[in-house]
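Coordinates in review
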Amino acid sequence: MTDTTTLRTHCAVLRAHARRLRAAAEDLRDQGPAAEAFRAEVAALAERCATAAGGFALAAAQLDGRPHA
């Protein structure tokens, strides 16, 4: 597997994790301050996964000598 293929694979996995985390946060049925705090933490983790995925995509594009798509 090439470096860019590995980066793109990690990117895809992180984006999938972000989607699942966002869906899980939305599906939480619990209410109240503790539930809202937990929901916010899950949403923040999803955002970090998405940000990391973007970084991997950018790195792969730079290694390929192409602009980030």
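Structure first, text after, so check above.
Residues numbered from 1 in each chain as written. Predicted model: local features only at pLDDT ≥ 70, side-chain atom pairs only at ≥ 80, totals over all residues. Heavy atoms only, no water.

**Quick word on the side chain of R39**
As a reminder, the rule being used: Counting from the N terminus, the helices are DSSP H or I runs at least four residues long and the strands are E runs at least two residues long. Burial classes: relative accessible area under 20% of the type maximum marks a residue as buried, over 50% as exposed, and values in between as partly exposed (1.4 Å probe, protein chains only). Any pair of nitrogen or oxygen atoms within 3.5 Å is treated as a polar contact; in protein, a donor-acceptor pairing is required on top of that, and neighbouring residues in sequence qualify only through side-chain atoms on both sides.
Examined against the element boundaries, R39 turns out to sit in helix α2 (residues 33–64). R39 gets classed as buried once you look at its relative accessible area, which sits at 15%. From its side chain, R39 meets the backbone oxygen of A25 in a polar contact 3.1 Å long.

**Digging into the nonpolar core**
Note the following rule: Here, nonpolar core means buried Ala, Val, Leu, Ile, Met, Phe, Trp, Tyr and Cys residues that are tied together by side-chain atoms lying within 4.5 Å of each other. Here, two residues are considered to be in contact whenever any of their heavy atoms come within 4.5 Å of each other.
Judged by nonpolar contacts, C11, L14, A18, C49, A53 and A57 together constitute the single largest core of 6 residues. Of all the secondary structure elements, the ones that give two or more residues to this core are α1 (3–27) and α2. In contact with C49, not counting residues within four places along its chain, are L14, H17, A18 and L21.

**Considerations on the environment of R39**
Between the alpha carbons of R39 and E26 there is a distance of 7.7 Å; along the sequence they are 13 residues apart. One polar contact links the side chain of R39 to the main-chain carbonyl oxygen of L28, over a distance of 3.1 Å. For R39, the side chain forms a polar contact with the side chain of E36, separated by 2.4 Å.

**Remarks on α2**
So the rule is basically this: Given a helix with a known number of residues, its expected span is that number minus one, times 1.5 Å.
End to end, α2 covers 47 Å across 32 residues, agreeing with the expected 46 Å (1.5 Å per residue, within 8%). Turning to α2, its buried residues number three or more, namely A35, R39, V42, A46, C49, A53, A57, A60 and A61. The inward-facing, buried residues of α2 contact α1. Positive backbone phi, approximately 75°, marks G65, located one or two places after α2.

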